[in-house]
Protein chains: 4
Amino acid sequence: MLIKIKRNANRKDVDEFIQKLGGGQAGVKIINWGDDRYLVSKKLTENSPIIEEIKDIKSKHHLSSREFKLEDTVIAIGNTRIGGSSITIIAGPCAIETELQIKSAARFVKAAGAHILRGGAFKPRTSPHSFRGLEEEGLKYLQEAGKEVGLPVVTEVMTAEDVPLVAKYADILQIGSRNMQNYMLLDACGKIRKPILLKRGLSSTVDEFLLASEYILAGGNQNVILCERGIRTFENAFRNTLDLNAVAYLKQVSHLPVIVDPSHGTGLRPLVTPLAQAAIAVGADGVIIEATATPDEALCDGAQSLDEPMLNTLITNVNRISSVVYR
Amino acid sequence: MLIKIKRNANRKDVDEFIQKLGGGQAGVKIINWGDDRYLVSKKLTENSPIIEEIKDIKSKHHLSSREFKLEDTVIAIGNTRIGGSSITIIAGPCAIETELQIKSAARFVKAAGAHILRGGAFKPRTSPHSFRGLEEEGLKYLQEAGKEVGLPVVTEVMTAEDVPLVAKYADILQIGSRNMQNYMLLDACGKIRKPILLKRGLSSTVDEFLLASEYILAGGNQNVILCERGIRTFENAFRNTLDLNAVAYLKQVSHLPVIVDPSHGTGLRPLVTPLAQAAIAVGADGVIIEATATPDEALCDGAQSLDEPMLNTLITNVNRISSVVYR
Amino acid sequence: MLIKIKRNANRKDVDEFIQKLGGGQAGVKIINWGDDRYLVSKKLTENSPIIEEIKDIKSKHHLSSREFKLEDTVIAIGNTRIGGSSITIIAGPCAIETELQIKSAARFVKAAGAHILRGGAFKPRTSPHSFRGLEEEGLKYLQEAGKEVGLPVVTEVMTAEDVPLVAKYADILQIGSRNMQNYMLLDACGKIRKPILLKRGLSSTVDEFLLASEYILAGGNQNVILCERGIRTFENAFRNTLDLNAVAYLKQVSHLPVIVDPSHGTGLRPLVTPLAQAAIAVGADGVIIEATATPDEALCDGAQSLDEPMLNTLITNVNRISSVVYR
Amino acid sequence: MLIKIKRNANRKDVDEFIQKLGGGQAGVKIINWGDDRYLVSKKLTENSPIIEEIKDIKSKHHLSSREFKLEDTVIAIGNTRIGGSSITIIAGPCAIETELQIKSAARFVKAAGAHILRGGAFKPRTSPHSFRGLEEEGLKYLQEAGKEVGLPVVTEVMTAEDVPLVAKYADILQIGSRNMQNYMLLDACGKIRKPILLKRGLSSTVDEFLLASEYILAGGNQNVILCERGIRTFENAFRNTLDLNAVAYLKQVSHLPVIVDPSHGTGLRPLVTPLAQAAIAVGADGVIIEATATPDEALCDGAQSLDEPMLNTLITNVNRISSVVYR
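Just so you know, these numbers come straight off a predicted model, no measurement behind them.

Q: Help me out: how do you make sense of the packing of aromatic side chains in this one?
A: Here the distance between the centres and the angle between the planes together describe a pair of aromatic rings. All names here are of chain A. Under the definition given, this model contains 16 aromatic pairs over all chains. Taking the centre distance of 5.2 Å and the plane angle of 90° together, the rings of Trp33 and Phe68 count as edge-to-face. With Trp33 in strand E2 (residues 29-33) and Phe68 in the loop between strand E4 (51-55) and strand E5 (75-77), the pair connects residues that are 35 residues apart, well separated along the chain. Like Phe68, Trp33 is buried.

Printed below as a string of structure tokens:
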């Protein structure tokens, strides 16, 4: 359960109460939620004047659940909103390769009607012999590209110690699938206040996905965006199997916004637009799309990247769907 | 490759040519497609006057592929169409339990705007100790219920020898997931001309799914409807993982109509409508929905069945989506 | 629970008691176990003089569980035993192709020390265009080949109506993976008394596997041999993933013998012998191996078939392991 | 391919040659292997006097493959060996909880005949609200416990910056499943020379597993031990599905030692010993076992931990198997 602590309770009384409940060995600990503090505890053996309110959350996803917070979380980045009544479109290349490439992508992404620019500067690669990104140089190009066209930017951070560096340049930090259970990184992202786009691990259950979000939320960062990006199954006709059941389920049990990545979720260009349509129809708060001027020359993920005309079509179509789905 | 045989070629010349190509041991054989005959052969070592045309299909899905037939297959059942420019809604209870139950379901299914009535008379059950269906008595009730409201009916057939019996009562025969690779049953369904609703096996690849359809098509029955109904994955928050990647993929590589079953595909009532919406948005030709007057009392699959108001909402929503998806 | 009926109870009293417990609609029914009859019922609302004994089996696998029968089931086929204190080796080609081929295989299989000869006459094939077996002609060759060398034979039956035909020639009938939930076939195999080798479906849980065996057992045929043959997972370096956890688990919860098929379980010749060794070490009652004189020329599954020297090595090795595993 | 560079080649000539082959953008780079340097390149467009030898490795697993190094890698830690002609047994508790607990475990682990002591000081936990380990205090207890009984110790490192700290106390560093693709951590482990026990990701293919090992090897650390610990599948009767196919496969394609973890691989105490036996029978170089004095009181993974008598039995049994498997 969650025990809300009175704002004027002093630290000493709180610590004493924690000890009475069993202390850290019983798993009792403080978590922050905005300006409030809560105690997480399995039981409440005695009363205390420091208690403001008791929330007997049945879900083990304390902070991400609708039991804890009924209304949708809406995350603001400047004038852009993620969650709530409208959909958000994030687009851009897999990897930032050159200044020219990302700036040209930024222009057509903006023109197509997307709301946020994406691009990778640190690239996790299965083989150590693949292109691993431009790192800080790439972050700079990305930030400039976003500013030129007036779009916020999102990019991946791969390790806890890079969080401050990436947070310097990016408006949203992305945690990739392979790092969904990198707890050091989750903890580090819980300590900042910039929004975190958390991608589902490629064979993580929705339960584990929500528990990963708890790490960030428990650190005090309420700005978590969940991202479904396909799971690993026996099927090998596609790179991954996009799990839209999970999207409908997450929207029901959690107040966090949910974004869908049909590019990684399919791995095949002709499937990206139909699945983006399906994502909006199932209730997702937006999509994140790999798009670049010349997909066939991309150093990374070209086979699933859209070019400018395809991105235009995708955005037109998802907007049409969005207009008829009650949100 | 497929070698189209001239209509006036006589059987003896055809047989001789088959022997020249290596005969049955080389896998050479005749398949029927409407009034036409084709030879399937891996190679064409010599010419023959019986050859009308050579179709060098690269796909191993000879007859189901768009290489063989570019335009969408549209299947007519009376005035109802499956495939093509409109969507088809199939609804009804999991199992036929009583005459009253199926007739009452038929009325609200019709009133809600569905096009085809479903109901199971032969039920495959994981445990031998579960309710296994009313069998022929159920088939009669189903046929009558359909007639009373003017809807064609679909029901499952579980074994080759039951095909004639089920075909006597049903407008469409369904092959269930567990039987997708029951080749005797596939062969038997290839010999009739009533439409076959073929459900994907719960861990069959799309490739195996299309090969199963080839069994029916190769027998000469062109009226095959593919049905995606969820696959088995590591995720256990839902009964199955609905694979909408597969739907987009099948629509691209095959001319056959594709229907989606979000009831089995999720197993959870609150997810059925969002996933039905997604199915139409991704390009499916229709949905098949478990619906019954009192889901909580159903002997089978109650947890995923909709009641009348929910079915009304679902149909309204999918029609709205359909109206904005270019078909 | 299982309610054992007194042997002298008359049918009328039994039927009346069934009605009192709720009848078929409540899932109450009779199952045979040797010369005994049991009632399966969820509850026991009243007493009756027909009751001999009450077995309150917690497992839903009534008849296959060790709760019902503690000691290992040992199945006798002539002088050969499956289950109990020694291991059984079944070997032979995937498909019977010619009389010569199966007879030559029989000779080296016998010489290598195997106990049972295998060979397929009815072949389930993913594509309708592949070789589908010699059917009854193949059954005859197999029976003769077995007789010539003095080995019992096992072969697959694919459909309920073929059960009498296959039972005429074979000592053991095999139900293949694709048919593990072909309930008509399971029922038909429950009506005969020849041993049934039941292969696990390629994505069936162990729970579903045991429930499939219940169909056969509930029909009165106690001679069921379970066969683990690999499951479908995300891994594609091998044809399947052999699940030896399942073998250890099945041996603990069930009294039925468990055989392992490392040929299908790996799909790769160099892995067959190591995995056969592992199977015996984990506690399996035997292995079933694809072996043929000239694997590279086989019409079916050549890549996973062993030749004579490899089979000799395998049998030597598994016997060495068997000698040090307490059985 | 791998191009071995002459030992006396100077850096400038090497750099020039790298540029001629296309430089970093073409993926050309230097890797260290003991005292040797190699260039990785997709092609060799011209000759150079710096070339000592060309190894045209077909496998994309350059350094871990038997194509590169035929003979088994044997890793020495003091007098203990991993790989080669004998098996290695690693045992100890999941988490280090108190000084007393780890020291008492060390004594019975040693007495039972194990060769290496394990214990976790940094624990990755799915939920942020679970016990996360004693950290450096735990490392100290572990080191002391190992010294008292004369066993080397292995423990998990979770992040790149902790590598020096953990390397100070541990003889072998373990990379956990969740971190198999934490490339920063892999890189950091490539820079030290202590042995690395690399656990397979819970849904990583064997191909990805070997590529992860390449990160460490390419950094110059040749002391990599692969550890199969079960994969995630649809089966939920066990925590994971132990993949012994992978062990046989890895032993064939790679020269690295392979250890099996049947504790995580099954998650069920009664299955641990049978699967350990199978692991040795399939050709693994050893097993790693969770064992603690009082499993039922463990803060972590009690349900899969063995107590002292069970560990004794396990070690007796695997030694018996080992004695009859040709190694």
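Q: I tried to follow the sheet that holds strand E2 (residues 29-33) of chain B on my own but got confused; where do I start?
A: Backbone-to-backbone hydrogen bonds join strands into a sheet, with any given pair of strands oriented parallel or antiparallel. Residue and element names in this part refer to chain B. Taken in spatial order, the four strands line up as E2-E3-E1-E4 in an open sheet, and their pairing is antiparallel. Strand pairing shows two members of the sheet lacking a second neighbour, E2 and strand E4 (51-55), which therefore form its edges. The sheet shows a mean angle of 30° between the axes of neighbouring strands, taken without regard to direction. Pairing geometry for strand E1 (residues 2-5) and E4, over four bridges, is antiparallel. Bridge pairing in E4 places Ile3 opposite Ile54.

Q: Help me out: how do you make sense of the sheet that holds strand E2 (residues 29-33) of chain C in this one?
A: All names here are of chain C. Read across the sheet, four strands follow the order E2-E3-E1-E4 without closing on themselves; strand pairing throughout is antiparallel. Strand pairing shows two members of the sheet lacking a second neighbour, E2 and strand E4 (51-55), which therefore form its edges. Averaged over all neighbouring strand pairs, the angle between strand axes comes to 30°, with direction disregarded.

Q: Is there a simple way to think about the domain arrangement of chain A in this case?
A: How big an interface is tends to be stated in terms of accessible area lost as the parts join. Residues and elements named next belong to chain A. The domain architecture assigned to chain A consists of domain 1 (2-55) and domain 2 (75-324). Contacts between the two partners involve four residues from domain 1 and, on the opposite side, six residues from domain 2. Between domain 1 and domain 2, the buried area comes to about 440 Å², and carbon and sulfur atoms account for 57% of it. On inspection of domain 1 and its partner domain 2, the count reaches zero salt bridges. If you look at where domain 1 meets domain 2, you find zero residue pairs in polar contact (both at pLDDT 80 or more). Of the residues contributing to the side of domain 1 that touches domain 2, the split by class is two nonpolar, two polar and no charged.

Q: For this particular structure, what's the right way to read the state of the cysteines?
A: Every disulfide links exactly two cysteines, by a covalent bond between their sulfur atoms. Counted by the stated rule, this structure contains zero disulfides over all chains. Cys227 of chain B carries a free sulfur, and the closest cysteine sulfur to it, the one in Cys94 of chain B, is 13 Å from it.

Q: Would you take a moment to explain helix H7 (residues 244-253) of chain B for this structure?
A: One full turn of an α-helix is made of 3.6 residues, so residues set three or four places apart face in the same direction. Counting buried positions over the 10 residues of H7 of chain B gives seven, a clear majority of the element. With a side-chain oxygen lying 3.3 Å from the backbone nitrogen of Asn245 of chain B, the N-terminal cap of H7 of chain B falls on Asp243 of chain B.

Q: Explain the interface of chain B and chain A to me, please; I cannot follow it from the model alone.
A: Taken together, the contact between chain B and chain A spans 40 residues of the former and 40 residues of the latter. Approximately 3100 Å² of surface area, both sides summed, lies buried where chain B meets chain A, with 65% of it carried by carbon and sulfur atoms. At the junction of chain B and chain A, the tally comes to two salt bridges. A salt bridge links Glu235 of chain B to Arg200 of chain A, with the nearest nitrogen and oxygen atoms 2.8 Å apart. At the boundary of chain B with chain A, the tally comes to 14 residue pairs in polar contact (both at pLDDT 80 or more). Those elements giving two or more residues to the side of chain B that touches chain A turn out to be H7, helix H8 (262-266), helix H9 (269-282) and helix H10 (308-324) of chain B. Per-element accounting of the side of chain B that touches chain A gives the leading share, eight residues, to H9 of chain B. The class makeup of the residues in the side of chain B that touches chain A is 22 nonpolar, 13 polar and five charged.

Q: Would you explain the relation of the copies chain B and chain A in this entry?
A: Relating the two copies of this chain is a rotation about some axis coupled with a shift parallel to it. With an RMSD of 0.1 Å, the fit of chain B onto chain A corresponds to turning through 180° and sliding 0.0 Å along the axis. Taken together, the rotation and translation describe the operation of a two-fold axis. Residues of chain B ranked by C-alpha distance from the rotation axis are headed by Ala278 of chain B, positioned 2.1 Å from it. Interface overlap between copies: 100% of the residues of chain B at the interface are likewise at the interface in chain A, consistent with a symmetric, same-surface contact.

Q: Would you mind showing me how to read the pattern of salt bridges here?
A: Pairing is possible between side chains of opposite charge, provided their charged atoms come close. Residues and elements named next belong to chain A. With the rule as written, the count across this model stands at 72 salt bridges over all chains. Across the pair Glu148 and Lys103 runs a salt bridge, and its minimum N-O distance is 3.2 Å. Of this pair, Glu148 sits in helix H3 (residues 136-149) while Lys103 sits in helix H2 (residues 99-112); the two residues are 45 residues apart in sequence, bridging distant segments of the chain. Here the salt bridges do not stand alone but share partners, grouping Glu99, Lys103, Arg107, Glu144 and Glu148 into one network.

Q: Would you take a moment to explain the side chain of Asn179 of chain B for this structure?
A: Relative to the assigned elements, Asn179 of chain B resides in the loop between strand E10 (172-175) and helix H5 (183-191). Ignoring any residue separated from it by four or fewer positions in sequence, one finds Asn179 of chain B in contact with Glu156, Val157, Met158 and Leu185 of chain B together with Asn182 of chain C.

Q: What is the right way to look at the packing of helix H7 (residues 244-253) of chain C against helix H9 (residues 269-282) of chain C in this model?
A: How two helices pack is summed up by the angle between their axes together with the distance between the axes. Residues and elements named next belong to chain C. Running from amino to carboxyl end, H7 crosses H9 at an angle of 25°, the nearest separation of the two axes being 9 Å. Looking at the two axes, H7 sits roughly parallel to H9. The element H7 and its partner H9 pack so that their crossing is right-handed. From H7, Leu244, Val247 and Ala248 reach across to H9, where they touch Leu275, Ala278, Ala279 and Val282. Grouping the constituent residues of the contact of H7 with H9 by class yields seven nonpolar, no polar and no charged.

Q: Explain the nonpolar core to me, please; I cannot follow it from the model alone.
A: As a rule of thumb, nonpolar side chains are buried together in soluble globular proteins. Core analysis: the largest hydrophobic core is formed by 356 residues, its most contacted members being Leu244 of chain A, Leu244 of chain B, Leu244 of chain C together with Leu244 of chain D. Setting aside chain neighbours within four positions, we find Leu244 of chain B in contact with Leu244, Leu275 and Ala278 of chain A together with Val260, Leu275, Ala278, Ala279 and Val282 of chain B.

Q: So what exactly am I meant to see when it comes to the packing of helix H6 (residues 206-218) of chain D against helix H7 (residues 244-253) of chain D here?
A: Residues and elements named next belong to chain D. Contact pair H6 / H7: the axes reach a minimum separation of 11 Å and the direction vectors enclose 50°. Between H6 and H7, the interaxial angle falls into the category oblique. The handedness of the crossing between H6 and H7 is right-handed. Touching Val206, Phe209 and Leu210 of H6 are Ala246, Tyr249, Leu250 and Val253, all from H7. A breakdown of the residues in the contact of H6 with H7 according to their chemical character gives seven nonpolar, no polar and no charged.

Conventions used here
- Residues numbered from 1 in each chain as written.
- Chains lettered and ligands numbered in written order.
- Predicted model: local features only at pLDDT ≥ 70, side-chain atom pairs only at ≥ 80, totals over all residues.
- Heavy atoms only, no water.
- Phe/Tyr/Trp six-rings, centres within 6.5 Å; stacked < 30°, edge-to-face > 60°.
- Helix = DSSP H or I, 4+ residues; strand = E, 2+ residues; numbered from the N terminus.
- Buried < 20%, exposed > 50% of the residue type's maximum accessible area, 1.4 Å probe, protein only.
- Pairing = 2+ DSSP bridges.
- Axes fitted to C-alpha atoms, helices over the stretch in contact; angles between N-to-C directions.
- Domains from an automatic or database assignment.
- Contact = heavy atoms within 4.5 Å.
- Buried area = accessible area lost by both parts, 1.4 Å probe.
- Salt bridge = Lys/Arg side-chain N within 4 Å of Asp/Glu carboxyl O.
- Polar contact = N/O pair within 3.5 Å; in protein donor to acceptor, adjacent residues only side chain to side chain.
- Nonpolar A, V, L, I, M, F, W, Y, C, P; charged D, E, K, R; others polar.
- Disulfide = S-S within 2.5 Å.
- Least-squares fit on C-alpha atoms with pLDDT ≥ 70 in both.
- Parallel < 35°, antiparallel > 145°, perpendicular 65-115°, else oblique.
- Left-handed = near helix turned anticlockwise from the far one by under 90°.
- Core = buried A, V, L, I, M, F, W, Y, C linked by side-chain atoms within 4.5 Å.

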